[in-house]
Amino acid sequence: MLKPRQMIGALLNNVGKAIVGKDEAIEYALIALLCKGHVLIEDVPGVGKTTLASALAKSLDCSFKRIQFTPDLMPSDVTGFTLVNFKTGEMEYKEGAVMSQIVLADEINRTSPKTQSSLLEVMEEHQVTVDGVTHPLPRPFMVLATQNPGEFVGTYPLPEAQMDRFFLRISIGYPTIEQEMDVLERYSGAVKPMQTIAPVCSAQDIVAMQEMVTQVYCSPEVRSYVANIVAQTRQDPALQLGASTRAAIALIHAAQACALLDERDFILPEDVQHMVMPVLCHRLTLNPEARMKGVTAQQVMMRIMKNTIVPVKL
């Protein structure tokens, strides 16, 4: 098996055939995969959210299913359901769309909160319970969800419990003129970029790298650094809801993955700083006064990071 950095490099190049100039967003998604986490891709329509998720899925030799979240989608469409087999007279479980290693939840905030909640157990415990029977999900398992910003027509805001289950949130953004010219060149030919993507990594490779992430050492000083950052989000006057303990654990895991990709077996404070924005910002809820003033979670997080003492001794 290739080294983690070489494997991630191969995946970056492969996904980069379909997504131009967004290496940071792609790398964040790959870090989430190494940490057994899920990714929320939030941006305006038409900038490549679904393309990024589909290209990543095609780059992995894993099973893949796409769920188009619409207002009429039912929870049983996601989780599956039981029905009577009239030949045997027994109840049988019919798998839902989540019974796959890579699941694309496209435009997740266009369905009702009832259907959104069907992913809560799936994302946290990697299992599905239908009619009292629990069914484990395959390994590796990852949800890649796309959503349009909440102020767009026909969207339902994701509940805080579900936002907290997303390991990180990324945004793609508009391309530069040069990048857009490259996109137009690639997509104007007879062969579309998505057709050139082939798997470069097996499920076994991903599971092996996920185990390697857990072996990266995290010193007491770094753990204290993360705990102080999270504690300040709970005390900041601009925030109505700070980061959870799940968020703190996710930040440690993300820093471990960063260290592994840098071919280190220990975490540096820089690893934490690199991952703090995509891991924590979407979990923070601003109070009404801060929202009226136009304050963003990113601005609050930057202030907190400036006020947090960085450990020197590790």
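Described below are features of the structure shown in this document. Please read all numbers here as calculations on a predicted model, not as lab measurements. (Residues numbered from 1 in each chain as written. Predicted model: local features only at pLDDT ≥ 70, side-chain atom pairs only at ≥ 80, totals over all residues. Heavy atoms only, no water.)

This next bit is on the overall build of the protein. What the protein contains, in helices and strands, is 14 helices and 13 strands. For the protein, the C-alpha radius of gyration of 20 Å lies close to 20 Å, the compact-globule estimate for 314 residues. Counting only C-alpha atoms and orienting by the principal axes, one finds that the protein spans roughly 70 × 45 × 40 Å. Within the protein, buried positions represent 52% of all 314 residues. Look at the contacts in the protein between residues 6 or more apart in sequence, and 79% of them connect residues 24 or more apart. Within the structure as shown, the protein displays about 15000 Å² of accessible surface, and the carbon and sulfur contribution to it stands at 56%. The averaged location of the 34 negative side-chain charges in the protein is 1 Å from the averaged location of its 28 positive side-chain charges. (Helix = DSSP H or I, 4+ residues; strand = E, 2+ residues; numbered from the N terminus. Rg over C-alpha atoms; globule rule 2.2 N^0.38 Å. Buried < 20%, exposed > 50% of the residue type's maximum accessible area, 1.4 Å probe, protein only. Contact = heavy atoms within 4.5 Å. Areas by Shrake-Rupley, 256 points an atom, 1.4 Å probe, with all protein chains shown as cover. Lys, Arg positive; Asp, Glu negative; His and termini not counted. Charge placed at Lys NZ, Arg CZ, Asp CG, Glu CD.)

This paragraph deals with the pairing of strand 6 (residues 102-106). Of all 5 residues in strand 6, 5 are buried, a share of seventy percent or more. Side chains of strand 6 alternate between two faces, with Ile102, Leu104 and Asp106 and Val103 and Ala105 buried alike. Of the pairings in the sheet, the one linking strand 3 (residues 64-68) to strand 6 comprises 5 bridges and is parallel in character. If you follow Arg66 over to strand 6, its bridge partner there is Leu104. Looking at chain direction, strand 6 and strand 9 (residues 142-147) are connected through 4 bridges and run parallel. Along strand 9, the bridge assignment pairs Ala105 with Ala145. (Pairing = 2+ DSSP bridges.)

To continue, consider the sheet that holds strand 3. Spatially, the 5 strands line up as an open sheet ordered 3-6-9-1-10, and their pairing is parallel. The sheet is open, and its two borders are formed by strand 3 and strand 10 (168-170), each paired with just one other strand. The sheet shows a mean angle of 20° between the axes of neighbouring strands, direction not considered. Here strand 1 (residues 39-42) runs beside strand 10; their pairing, made up of 3 bridges, is parallel. (Axes fitted to C-alpha atoms, helices over the stretch in contact; angles between N-to-C directions.)

The subject of this paragraph is the side chain of Gln116. Relative to the helices and strands, Gln116 resides in helix 5 (residues 113-116). In this structure the side chain of Gln116 is engaged in a polar contact, spanning 3.5 Å, whose partner is the backbone oxygen of Ile108. For Gln116, the residues in contact, after removing those within four places along its chain, are Ile108, Asn109, Thr111, Tyr156, Pro157, Leu158, Pro159 and Gln162. (Polar contact = N/O pair within 3.5 Å; in protein donor to acceptor, adjacent residues only side chain to side chain.)

Below, the discussion takes up helix 2 (residues 23-34). An ideal rise of 1.5 Å per residue puts 16 Å on 12 residues; helix 2 measures up with 16 Å between its terminal C-alpha atoms. Counting buried positions over the 12 residues of helix 2 gives 9, a clear majority of the element. Taken residue by residue, helix 2 has Ala25, Ile26, Tyr28, Ala29, Leu30, Ile31, Ala32, Leu33 and Leu34 as its buried positions. Positive phi shows up at Lys36, right after helix 2, with a value of about 60°. (Expected span 1.5 Å × (residues − 1).)

With that settled, consider the environment of Arg5. Along the chain, Arg5 falls in helix 1 (residues 4-15). Classification of Arg5 as partly exposed rests on a relative accessible area of 28%. Spatially, the C-alpha atom of Arg5 lies 35 Å from that of Ser117, the residues being 112 residues apart in sequence. Once you skip the residues sitting within four places of it in the chain, Arg5 turns out to touch Leu12, Glu27, Leu261 and Glu263.

In this section: the environment of Tyr174. Within the fold, Tyr174 resides in the loop between strand 10 and helix 8 (177-187). Note on Tyr174: relative accessible area 63%, which makes it exposed. The spatial distance from the C-alpha of Tyr174 to the C-alpha of Asp43 is 9.3 Å, given a sequence separation of 131 residues. With residues near it in sequence (within four places) discarded, Tyr174 still touches Lys22, Val44 and Val47.

Our focus in this paragraph is the layout of surface pockets. Approximately 770 Å³ is the volume attributed to the largest pocket. In this structure, the largest pocket is lined by 28 residues; those nearest its centre are Met163, Arg169, Cys281, His282 and Leu284. Looking at the lining of the largest pocket, the elements that each hand over two or more residues are helix 7 (160-163), strand 13 (285-286) and helix 14 (297-307). Taken as a whole, the second largest pocket encloses approximately 370 Å³ of empty space. Listed by contribution, the elements that provide at least two residues to the lining of the second largest pocket are helix 6 (120-125), helix 9 (203-213) and helix 11 (245-261). (1 Å grid on protein atoms, 1.4 Å probe; cavity = no way out; pocket = protein on both sides within 12 Å on 5 of 7 lines; lining within 4 Å. Points joined across faces, edges and corners; volume = space filled by probe spheres on them.)

Applying the stated criterion to the full structure yields 13 salt bridges. With its nearest N and O atoms 3.1 Å apart, the salt bridge here joins Asp182 to Arg186. Linking Asp182 with Arg186, this pair stays in helix 8, spanning 4 residues, or about one helical turn. On the accessibility criterion, Arg186 (28% relative accessible area) is partly exposed. Salt bridges here are not isolated pairs; linked through shared partners, they connect Glu124, Asp164, Arg246 and Arg283. (Salt bridge = Lys/Arg side-chain N within 4 Å of Asp/Glu carboxyl O.)

Everything listed here is a matter of coordinates, which is why it stays silent on function.
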